Amino acid sequence: SVTWLGGGLHFSAAVAGGKVFTWGKAEECGHGLGESAPPILEPRAVEGLPEIRSLRCGGSHTLACSVAGDVFVWGCGLTYQLGNRPRDSANPADIDDDPTDELRPYRISSKQLDTRFVLLADGGAQHSVELAWEERYADPKVEAEKESQETAKAVLTTPAADESEPPAKKRATEPEANRVPAE
């Protein structure tokens, strides 16, 4: 059963039974084919991926989230949307290299994602974004106390309204005791 169907500018993709199927422009489909290859006209399984639970497509790239919480990407990477520089965050020797396209799925290596579970990854024309979870829940009492302290600090450090601001904005930012009733 197909659980997701979508596509980018020149390709289409689907998830069925934890496997990814793509078709369209060969170099963007994740099958290792270059731009001289003819288009893929029928859905074909992308090899080398673990079981996939979510899939999204950017303009010319694809992002797949595994059941283990890793992100795999492929397609056009000219604007760093594949997260493949550095290719290995533990050994960033290629950090200054220009990004490249990925003809096959590549697991993103990132210090920020190493200890997190990626819930969803998505992309646009020239970007990608991941929603990740640190596998821990916040303590509501601690979070409420932090928020209260931050609010108090913000109130104490709010600058006075600038004379160039419109009167309505000035009134909204003035302390209650200093307000002059509007006539």
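Small disclaimer: the values here were computed from a predicted structure and weren't measured.

Colleague: Which residues make up the overall build of the protein chain, and what values do they have?
Modeller: Secondary structure assignment for the protein chain yields 2 helices and 10 strands. Element order for the protein chain, N to C, with α for helix and β for strand: β-β-β-β-β-β-β-β-β-β-α-α. Going through the 183 residues of the protein chain one by one, you find that 32% of them count as buried. Partitioning the contacts of the protein chain with sequence separation of at least 6, the portion at a separation of at least 24 is 41%. When the accessible surface of the protein chain is totalled, it reaches about 11800 Å², and 53% of it is carbon and sulfur.

Colleague: Break down a nonpolar patch on the surface for me, with residues and values.
Modeller: A grouping of Leu-119, Leu-131, Trp-133 and Tyr-137 is seen on the molecular surface, where their side chains present a nonpolar patch of about 450 Å² in accessible area. Among the residues examined, Leu-119 registers a relative accessible area of 39% and is labelled partly exposed.

Colleague: Break down the environment of Asp-98 for me, with residues and values.
Modeller: You can see Asp-98 is positioned in the loop between strand E7 (71-75) and strand E8 (102-107). Residue classification places Asp-98 among the exposed residues on the basis of a relative accessible area of 60%. Taking the C-alpha atoms as reference, Asp-98 lies 9.4 Å from Gly-77; in sequence the two are 21 residues apart. Excluding residues that lie within four positions of it along the chain, Asp-98 makes contacts with Tyr-80 and Arg-85.

The rules behind these values
Residue numbers here run from 1 along each chain, matching the order of that chain's written sequence. With the structure being a predicted model, the display of local features is reserved for residues of pLDDT at least 70 and the display and counting of side-chain atom pairs for 80 or more, all residues being used for whole-chain, interface and lining totals. Remark: hydrogens and water are excluded; side-chain values derive from all non-hydrogen atoms of the structure. Helix and strand definitions follow DSSP, with helices as H or I runs of at least four residues and strands as E runs of at least two, each counted in order from the N terminus. Burial classes follow relative accessibility: with a 1.4 Å probe on protein chains only, a residue under 20% of its type's maximum area counts as buried, one over 50% as exposed, and anything between as partly exposed. Working rule for contacts: check all heavy atoms of both residues, and any pair within 4.5 Å makes them a contact. Each accessible area is a Shrake-Rupley estimate made with a 1.4 Å probe; only the visible protein chains count as cover when residues are assessed. Patches here: salt-bridge-free residues with over 30% relative accessible area, like charges joined within 9 Å, nonpolar side chains (Val, Leu, Ile, Met, Phe, Trp, Tyr) joined within 5 Å. Salt bridge criterion: a side-chain nitrogen from Lys or Arg within 4 Å of a carboxyl oxygen from Asp or Glu.

The quantities given are spatial measurements derived from coordinates; they are silent on function.
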